[in-house]
Structures are given as C-alpha cells and as structure tokens.
Amino acid sequence: MIERLLANLDTLLLYLFAACAFVSAALMIVLAQPMRVALALISTMVFLGGIYGLLGVHFIAAFQVLIYVGAVMVFMVYAIMLLDVRDPAYQRRYSRYLVPGILAGVAFFAALAWGLAREFADVAEGGPAAGGAFGIQQFAAAFLNEYWLHFELTSVLLVAAVVAALAVINVSRRDRG
Amino acid sequence: MIQDLVVYAVFIGYAIGVLMTFGLVLTWVERKQAAIMSDRIGANRAYLRIPFTDVRLVWWGLFHGIADGLKMILKEDFKPRTYDWYAYAVAPWVAFTPVLLVFAVIPFGGTLAPAKLVPALADWFGDRTYPMQIARLDAGLLIVFAFGGMTIIGAMLAGWSSSNKFSLLGALRAGSQMISYELVLGLTVLGLILIYGTVDLDDIVRQQSGIVLGFLPAWGVFLQPFAATLFMAAAIAENKRIPFDLPEAESELIAGYFTEYSAMKMGLFMFAEFIEIAIIGALFTTLFLGGYNLPYMNDSGFVFPGGHVVALPYAAVVVIQLVTFLVKVFLMCSFQILVRWSLPRFRYDQVLRFAWKFMLPLALANLTVTAVAVWLLHAVHA
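Here the structure is a predicted model, which means the values were calculated and not measured.

(A) Representation of the interface of chain A and chain B within the structure. The partner chain B presents 25 residues to the 24 residues of chain A that form the contact. Taken together, the elements giving at least two residues each to the side of chain A that touches chain B come down to α1 (2–7), α3 (34–54) and α4 (58–81) of chain A. Element by element, the count of residues in the side of chain A that touches chain B is highest for α4 of chain A, at 13 residues. Of the residues that constitute the side of chain A that touches chain B, the class distribution is 18 nonpolar, four polar and two charged.

Laid out in structure tokens, this is it:
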C-alpha cells in the first residue's frame, strides 16, 4: 500500500499542485480586493514552482519563486499596501469590460487548446521530447552562450522603462506646481 | 523506498527539533548574554519546583523560555477590527514557514550509511547512502534566497492588515529595508559562487575541506574575508535586529508591523526571528566556515598540512560532523547576540543609505576583484 503510494507520489503531488495553481489563478481573476488578488497570484506562482520542482528542474522552480514572488510580487504588495482600502472601486467585482473580457478569454483558451493538441500529436509521433537531465550547468552554459544578447537587451529595455517612469513622475509633479 | 521514507522522516524530525530548540534556547541566551555583558545577574527568576519538596531548580534561568511559551499560549487572543481578516490571519505563517523551509537545503552532516552505522540494519538498508541534508538540490543556494524573499511579504502583510498607522509604517520600513539588504546579501555570495563554481551547498562544504597556501583550511572566510563581513552585516539587517531594528523601533513605532498581534500569533513572529538567527548562523557556517567539517577534515578522517593523514572510524566521523555543525552554528548565533548588545541603533535614513551607498558598492567591488582574480588564476593554470 505505502510502496504503491510512494511510487505514485510524484503524480499525486503534480495533480495536487496543478489543482491548487488553477484554483488560485481563478481566484486571482474573480477577487475584488487588490491585496487578495496579489495573494492569489503569489500562491499561483508558488504552486507553479512546485510543479517545476516535481519535473526535476529545481533551479527553474527556484527562479520562479525568487523572481516572481521574491521580487515582482514583493513590489506589488508594497504598492498595494499604500492604496486606500476604502476606495469605492473595490466594491464592484466586475468592470464594464466583463463581456469582452470573457470573450477574449474563451478565444485565448481555444487557441491554447488547439496549440496543445497539435503539440501532443507531435509528442505521440515521437517529436520533440525532453532529452537527458537539464541541470543548472547546462542552463548556465546555454544562457551565457546563446541568450546573453537577449538578456542584455532586456536590461536596456528596463533602464529605458525606469527613465520613462521618472519622466512621468516629474511631469505630474510639475503640473501640480 | 520505505527505507528512504524512514531516513528522510528522521532527517526532517532532526531539523525541526534542532531549529525549535535553537529558537527556545536563543531566547534565554539573548537574556543571559545581555546580563553578562552589562554585568547584571540576569534571567534567574523562573524555576521548576520538584513536587512535594522545597527543591527549586533555577538552572541559571533556563526555564524562562518555558514561562514565555506558556504565557503566549495562555494570553488573550486579541483580534483588531481589520479590513482584511484573511491577510491578518495568514501573515504570521507567511513570515514563519519560509524561515523553516530554508533549512531543507542546508547540509548538517556528511554522508549517512545506515548499514555501516548500525550493523543490525545492514540487511534492510543494504548499501544505500544518504547525504545528511533534507533535500540535496543542484539549485541549493538559489532556494535559500527564494524562500528568504518570501518572509518580506509576511512582514508587509502583517503591517498592512492590522488597521494601524504604526503597523503600516513598520511594514513600510520592513519592506524597504529587507529588499535593500537582500540585494546586498545576494551580491556578497556571488563571489563565493565564482570561486567554488557551484550553488550546491553540500559541494561547497566539501570543497572547503581542502588546504590553501599550504596551511590554511580552504574555508570561505579565508578566501572571501570581505564578503564574509558584508554577508554577516547584511544578514543581521535582513533579520531586522539591532542595530537595524527600525521596523520595530519601540520608541517610535511601539512594536512596528506586529503591534496588533497578541498571544501565540505574536509568538510566531518572535520565534521566526529567533529561528532566523540560527538559520543565518547555519548559512554562515556552511558558506564561510567549512560547514559540518572540522579544519582539514573530510568524510574519511583528517588530512593535515604536510600530508599527515589520520583515518577515523565511520561512526566517529558522523558524530564529529553533527556536533561540529551544531557548535559552529551556536557560536555564530552567540556572535549575532553579541552584536545586538554592543551597537546602538541607526536612524532610518542611515539604514537605507548604509545599504545602497556603502554596502552595495563594496559588494560590487568585491565581486569585481574576485572575478578578475579567478580569471587570472584560471589563465595561469591553463
């Protein structure tokens, strides 16, 4: 009994994490309070990290939690902390874009399902499959040999965004005098 | 299969036991060490009386920790009228759990071969061996930082959801301070990663049992003395302890972000802080002080400078490694408490300026020098 449970533990945990990630992602869309939305997003990220960990790519799991929770969400929570909790905008659960949003969501899911179905057909025919262990060494080599230019371009983009943000703040300050 | 389950259940039990004991003992060490440093008698009131006798066991105030625990469990569980009860209830756990999880990747001993240690179990275990670590992951150090970043959210959630201006100010301070010092913490460790060429913590410990310059053990603290100092300072700031305890500065913000927490919920925040002292000690030991090994020691015995080899029986190695790790961690905890009772508190702008204008440039300079040195050494050897 325990032997069988242990043998299938990976699959069980995978389903558990996937279900939790799905539920928190759905909550993120439905909830109205910004802080609860942020919490739901954080738990989605953590459960996704758990899925990556189960797939054996621990460093991707670490990056998922480190970057999305430890950096991105920390700043979002920091910003939400300073919002006014009595803002009437939180009273209404859905905005007036509810119907177009649902339509776009359905279209997106259809496209995703179509793409996945094609991928699965490929895999069934013996197409691109995961080859060997992808450890942090391989990741680092691929990252610094093939993708360093993309990475540097991203940092340039981020600096541009920082400059733009500062400019926007200065403009609004000047308007107020 | 079942053997693995048993071994890892023992490891997890050991880790939680060690951390809880450290958390409890450190509350006492903090008081007693403060008393010794300021020439007072100190914690000496709580005692256990042996039933039906008049014998009182004071034991240098060791039972103060139990008295604290009892008080926290029995006190009124006050709940403020808050606009988000969910965030208020979940915040102490978000601050506490990641601190425990960090220990999962820290190696607290060498390799465990149950068959060699207990011959009676030889049939059951066969020739299985286990690294003494809950999870040996190739991303070890990254996982430490991933979980370390989550505690910030706990502090900010607690302050925000308490419906109290003091709490909110404390949360703001905690957020900015922890984000700043986490950056410094990450940069100081990068130099070590360059030298050892790995983020696997067990591998880092094994590489430290060598010898450099003919006589020094190859400990991180000798290879990266500068990074070790910066790491310790940034880690104390990350844990929000004096001289960096501005998020809970009593004279300005009552108790900062956990002002509105009472009873065991407040206890969780305090416990998280004390366990984090032990975690910082364990991390410093693993990265800079040779981990679970004594100087010149490896899994088979000692290799002294000059090629003198002393082989040790396996059981002795396991016991020495477990004890060495605990002693080193305890000494580092004691050092952190020493710092707490020696230095006065910064002003808040000074804390942030210290991080961004002093420690960050120093950490970057250390990284640059290390990178150039490692590159030169590789060029010479090639």
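(B) Structural view of the environment of Ala 139 of chain B. Along the polypeptide, Ala 139 of chain B turns up in the loop between β4 (130–131) and α6 (140–161). Not counting chain neighbours up to four residues away, the residues in contact with Ala 139 of chain B comprise His 58, Phe 59, Ala 62 and Ile 136 of chain A together with Val 199 of chain B.

(C) Quick look at the confidence of the model for chain B. Looking at chain B as a whole, its pLDDT mean stands at 86, while 100% of the residues score no less than 70. For this predicted complex, the interface score ipTM comes out at 0.83, while the overall pTM is 0.85.

(D) Layout of the domain arrangement of chain A. Taken domain by domain, chain A holds domain 1 (1–93), domain 2 (95–133) and domain 3 (147–177). Of note, the centres of domain 1 of chain A and domain 3 of chain A, computed from C-alpha atoms alone, are 28 Å apart.

(E) Quick look at the sheet that holds strand β9 (residues 308–311) of chain B. All names here are of chain B. One open sheet holds the three strands; their spatial order is β7-β8-β9, and the pairing between them is antiparallel. Edge positions in the open sheet fall to β7 (297–298) and β9, since each of these has one partner strand only. Alignment of strand β8 (residues 301–304) against β9, held across four bridges, turns out to be antiparallel. Bridge assignment links Val 303 to a residue of β9, and that residue is Val 309.

(F) Spatial organisation of helix α7 (residues 165–196) of chain B. Residue and element names in this part refer to chain B. For α7, which comprises 32 residues, the first-to-last C-alpha distance of 47 Å matches the rise-based estimate of 46 Å (1.5 Å per residue) to within 8%. Where burial is concerned, most of α7 is hidden: 24 out of the 32 residues are buried. Phi turns positive one or two residues past the end of α7, at Gly 197, with a value near 70 degrees.

What counts as what
- Residues numbered from 1 in each chain as written.
- Chains lettered and ligands numbered in written order.
- Predicted model: local features only at pLDDT ≥ 70, side-chain atom pairs only at ≥ 80, totals over all residues.
- Contact = placed C-beta atoms within 7 Å.
- Helix = DSSP H or I, 4+ residues; strand = E, 2+ residues; numbered from the N terminus.
- Nonpolar A, V, L, I, M, F, W, Y, C, P; charged D, E, K, R; others polar.
- pLDDT = per-residue confidence, 0-100.
- Domains from an automatic or database assignment.
- Pairing = 2+ DSSP bridges.
- Expected span 1.5 Å × (residues − 1).
- Buried ≥ 20, exposed ≤ 12 C-beta atoms within 10 Å, placed from the backbone.

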